[in-house]
Amino acid sequence: MTVPADEILVAGRWRRGGGAPLECVDPATGEPLAVVHAASARDVDDAAQAAAVPEWAALLPHERARVLMRVGDLIERDADELALLQTRNTGKALRETRALVASAAATFRFYAAALETMETALTPQRGPYLTMSVYEPIGVVGAITPWNSPIASDAQKIAPALAAGNGVLLKPAEATPLVSLALARLVLEAGVPAPLLSVLPGSGSVVGDALVRHPLVGKVAFTGGTSTGRAIGRIAAEKIMPVTMELGGKSPTIVCPDASAEQAVAGILYGIFSSTGQSCIAGSRIFLPAARYDEFRDLLVAGASRLRLGPGVAGDTQVAPLVTFAHRDRVAALVDRAREEGARVLCGGAVPSSAGAYYPPTLLEGLPNTSKTCQEEIFGPVGVLLPYVDEDDLVRQANDSVYGLACGIWTADYRRAWRIARRVEAGTVWINTYKQFSISTPFSGMKESGLGVDKGRDGILGYMRQKSVYWGLDEGPLPWAG
Ligand code: NAD
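How each quantity is defined
Residues numbered from 1 in each chain as written. Predicted model: local features only at pLDDT ≥ 70, side-chain atom pairs only at ≥ 80, totals over all residues. Heavy atoms only, no water. UniProt positions renumbered as here; feature names shortened; annotations may be inferred. Helix = DSSP H or I, 4+ residues; strand = E, 2+ residues; numbered from the N terminus. Buried < 20%, exposed > 50% of the residue type's maximum accessible area, 1.4 Å probe, protein only. Contact = heavy atoms within 4.5 Å. Domains from an automatic or database assignment. Buried area = accessible area lost by both parts, 1.4 Å probe. Salt bridge = Lys/Arg side-chain N within 4 Å of Asp/Glu carboxyl O. Nonpolar A, V, L, I, M, F, W, Y, C, P; charged D, E, K, R; others polar. Pairing = 2+ DSSP bridges. Right-handed = clockwise from strand over helix to strand, strands pointing away. 1 Å grid on protein atoms, 1.4 Å probe; cavity = no way out; pocket = protein on both sides within 12 Å on 5 of 7 lines; lining within 4 Å. Points joined across faces, edges and corners; volume = space filled by probe spheres on them. Near = heavy atom within 4 Å. Polar contact = N/O pair within 3.5 Å; in protein donor to acceptor, adjacent residues only side chain to side chain. Disulfide = S-S within 2.5 Å. Axes fitted to C-alpha atoms, helices over the stretch in contact; angles between N-to-C directions. Parallel < 35°, antiparallel > 145°, perpendicular 65-115°, else oblique. Left-handed = near helix turned anticlockwise from the far one by under 90°.

**Some details on the UniProt feature "active site" (unreviewed entry) in the chain**
Part 1 of the reasoning: In the numbering adopted here, UniProt assigns the feature "active site" (unreviewed entry) to Glu-246.
Part 2 of the reasoning: Considering the arrangement of structural elements, one finds Glu-246 in strand β11 (residues 243-246).
Part 3 of the reasoning: Owing to a relative accessible area of 5%, Glu-246 belongs among the buried residues under this scheme.
Part 4 of the reasoning: Apart from the residues within four sequence positions on either side, Glu-246 is in contact with Phe-222, Thr-223, Gly-224, Phe-443, Ser-444, Gly-445, Ser-449 and Asp-454.

Written as structure tokens, this is what we have:
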């Protein structure tokens, strides 16, 4: 694996960032991987000044699409290297990072196709004029991403933003900039004009803040925690700047009384413990029917206890290390708090002695849905089992959350699935499956889980400004003045 040089991409040039050094650590071993000097506020300004490239926006859609298609090919060419780099920097299992790299390539191709087939609307005529609705690039947009799936979340912002004709300032999370920098090299190799994309690693409070406040940045697409989203939203309100926000979650996974135990248990374990629970859509509140509670609890505990903990690079690892030792300690402290709240720990619940930032799959019970453990995001491999008595009780508890990101339903009854799916407040509902993603399907969060919609064909429009054009058809002057 090639560890990238200590250079960041600013305004089309690779150079050492003007900010403090960030040490990237392999969380499976605790060993240093690379040092990347963060961007400074000056770097952010240089990047923003250079990022509007009129020649890119002036290309015809199919010409921009050809370049984006090539980015997809290059990601595929370097897939093994990118997956390994992301595994070493984030700890994630290789089988997951391979899927994330494939998803990034597919995202660039999808937005190339969406761009090439995008249509301008001639709206219905209501007078002696033709009316058109057209879309134009915003200019320069900011993309701020978290550490849990860098290459996929970077691609989901960069691809539609470039497709729309914008320049992009990408700020990856401070602990995991390496794969974002590697992706930027491929974007340039594909032929995207150099100053159009900058990658600005660093802390949220310095680099992220400078990016959001920069007067030339006309939109911010943010993925991260709800409190950070709120802070960005306040600045955006001052600037009257559009933002899209993909934020946190505390998603209910619901087992109905008629569910297949085999299917539901496998799906629930995947929904909460894959990515070591570091997933916004982790199904962390597990609702079980009171009548089958003991049966499902025992199956889930047996299944969770069998999951294989190990380094991300090992082919059979199911539960890899957490992203940093600090995050592992935070998860451990939240499980201790759950104990203080009265939780019974059914499995896991203690830091293992191994060298990496590991935390085992942990299941809790005995807490009400109103407890802090059930209301606040843990972002680790920790699920809480909650009994319910009937459908109304279930929906009331599932919706009793500030979040509304995702929901899973396990049932053999399609009428029940439909009823619950429509009553639960969640941007995505999975029925008899979980944590499946398609770039062609919109993604959004309800309540404090988000603002705006990502993905889907219309994802490009989120990076454009709408304009209406009226074409007069009368030969003579307007009657009032004439
Ligand atoms: P975070 O909010 O701490 O950081 C996310 C990004 O925002 C990082 O790049 C960070 O440096 C930056 N940032 C922090 N403060 C900032 C500020 N004041 N101004 C500008 N930028 C700032 O989140 P995290 O800990 O990196 O990621 C975990 C969170 O992300 C969880 O809450 C998770 O649910 C959420 N998430 C949501 C989705 C989704 O699609 N809804 C996907 C992945 C992660």
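**A closer look at the domain arrangement of the chain**
Part 1 of the reasoning: Partitioning the chain into domains gives domain 1 (8-247 + 449-468) and domain 2 (252-431).
Part 2 of the reasoning: Across the contact, 21 residues belong to domain 1 and 28 residues belong to domain 2.
Part 3 of the reasoning: Summed over both sides, the interface between domain 1 and domain 2 buries roughly 1,700 Å², with carbon and sulfur atoms accounting for 58% of that surface.
Part 4 of the reasoning: Its largest share of buried area at the contact with domain 2, domain 1 owes to Pro-27, Trp-147 and Ser-449, together 30% of the area lost on that side.
Part 5 of the reasoning: Counting across the domain 1 and domain 2 interface gives zero salt bridges.
Part 6 of the reasoning: For the side of domain 1 that touches domain 2, the element with the most residues is helix α4 (residues 79-90), which contributes four residues.
Part 7 of the reasoning: Tallied by class, residues from the side of domain 1 that touches domain 2 come to eight nonpolar, nine polar and four charged.

**A short note on the pairing of strand β10 (residues 217-223)**
Part 1 of the reasoning: Across the seven residues that make up β10, a large majority, six, are buried.
Part 2 of the reasoning: Inspection of the sheet shows strand β7 (residues 140-144) paired to β10 by five bridges, in the parallel sense. Along β10, the bridge assignment pairs Val-140 with Val-217.
Part 3 of the reasoning: Assessed by its sense of winding, the connection that carries the chain from β10 through helix α9 (residues 226-239) to β11 is right-handed.

**What to know about the layout of surface pockets**
Part 1 of the reasoning: In this structure, the second largest pocket spans a volume of roughly 290 Å³.
Part 2 of the reasoning: Together, 17 residues line the second largest pocket, and Pro-61, Arg-64, Met-118, Tyr-135 and Met-464 are the ones closest to its centre.
Part 3 of the reasoning: Residue assignment for the lining of the second largest pocket shows that the elements contributing at least two residues are α2 (54-58), α3 (61-77) and β6 (129-137).
Part 4 of the reasoning: Per-element accounting of the lining of the second largest pocket gives the leading share, four residues, to β6.

**Points about the site of the ligand**
Part 1 of the reasoning: Near the ligand, the surroundings consist of 26 residues, among which Thr-145, Glu-174, Thr-228, Leu-247 and Glu-377 are the closest.
Part 2 of the reasoning: Here an oxygen atom of the ligand sits 3.4 Å away from a polar atom, N or O, in the main chain of Gly-204.
Part 3 of the reasoning: Within the contact set of the ligand, an oxygen atom lies 2.8 Å away from a backbone nitrogen or oxygen of Gly-225.
Part 4 of the reasoning: Within the residue set of the shell around the ligand, elements represented by two or more residues are α8 (204-213), β10 and α9.
Part 5 of the reasoning: Per-element accounting of the shell around the ligand gives the leading share, three residues, to α8.

**Here's the deal with the state of the cysteines**
One covalent bond between the sulfur atoms of two cysteine residues makes up a disulfide.
Part 1 of the reasoning: Summed over all chains, the structure comprises zero disulfides.
Part 2 of the reasoning: With no disulfide of its own, Cys-280 has Cys-407 as its nearest cysteine by sulfur position, at a separation of 15 Å.
Part 3 of the reasoning: A relative accessible area of 23% places Cys-280 in the partly exposed class.
Part 4 of the reasoning: Here Cys-374 stays free of any disulfide, with the sulfur of Cys-347 as its closest cysteine sulfur at 15 Å.

**Structural notes on the packing of α4 against helix α7 (residues 178-189)**
Part 1 of the reasoning: Where α4 contacts α7, the two axes come as close as 8 Å, and the packing angle between them is 160°. The orientation of α4 with respect to α7, classified from their angle, is roughly antiparallel. Judged by residue contacts, Leu-82, Leu-85, Gln-86 and Asn-89 of α4 engage Leu-178, Val-179, Ala-182 and Leu-186 from α7.
Part 2 of the reasoning: When grouped by side-chain class, the residues that make up the contact of α4 with α7 number six nonpolar, two polar and no charged.

**So, the packing of helix α14 (residues 391-399) against helix α15 (residues 414-423)**
Part 1 of the reasoning: Across the interface, α14 lies against α15 with an axial gap of 10 Å and an inter-helix angle of 35°. Handedness of the α14/α15 crossing: right-handed. Every residue of α15 that contacts α14 at Glu-391, Asp-392, Leu-394, Val-395 and Asn-399 is listed here: Arg-416, Arg-419, Ile-420 and Arg-423.
Part 2 of the reasoning: Tallied by class, residues from the contact of α14 with α15 come to three nonpolar, one polar and five charged.

**Let's talk about the pattern of salt bridges**
Pairing between side chains of opposite charge can happen when the charged atoms of each approach one another.
Part 1 of the reasoning: Scanning the model with the defined rule gives 30 salt bridges in all.
Part 2 of the reasoning: Here Glu-365 and Arg-297 are joined by a salt bridge, their closest N and O atoms 3.4 Å apart. Of this pair, Glu-365 sits in strand β15 (residues 362-365) while Arg-297 sits in helix α11 (residues 293-306), and the two are 68 residues apart along the sequence.
Part 3 of the reasoning: Judged by its relative accessible area of 18%, Arg-297 is buried.
Part 4 of the reasoning: For the salt bridge of Arg-328 with Asp-329, the shortest nitrogen-to-oxygen distance reads 3.0 Å.
Part 5 of the reasoning: Judged by relative accessible area, Asp-329 falls into the partly exposed class, the value being 42%.
Part 6 of the reasoning: Taken together, the salt bridges that share partners define one network made up of Asp-294, Arg-297, Asp-298, Arg-344 and Glu-365.

**Brief notes about empty space enclosed by the protein**
Part 1 of the reasoning: For the structure shown, the criterion picks out two cavities of 30 Å³ or more.
Part 2 of the reasoning: Its boundaries defined by the atoms lining it, the largest cavity holds a volume of some 70 Å³.
Part 3 of the reasoning: Along its surface, the largest cavity is lined by Gly-249, Lys-250, Gly-277, Ser-279, Cys-280, Ala-282, Ser-284, Glu-377, Ile-378, Phe-379, Gly-380 and Val-382.
Part 4 of the reasoning: Looking at the lining of the largest cavity residue by residue, the class counts come to five nonpolar, five polar and two charged.

**Focus on the side chain of Asn-369**
Part 1 of the reasoning: Mapping Asn-369 onto the fold places it in the loop between β15 and α13 (372-375).
Part 2 of the reasoning: For Asn-369, a relative accessible area of 6% puts it in the buried group.
Part 3 of the reasoning: Only 3.1 Å separates the side chain of Asn-369 from the backbone oxygen of Gln-397, close enough to count as a polar contact.
Part 4 of the reasoning: Apart from residues lying up to four places away in sequence, Asn-369 is in contact with Arg-285, Phe-287, Cys-374, Gln-375, Leu-386, Gln-397 and Asp-400.

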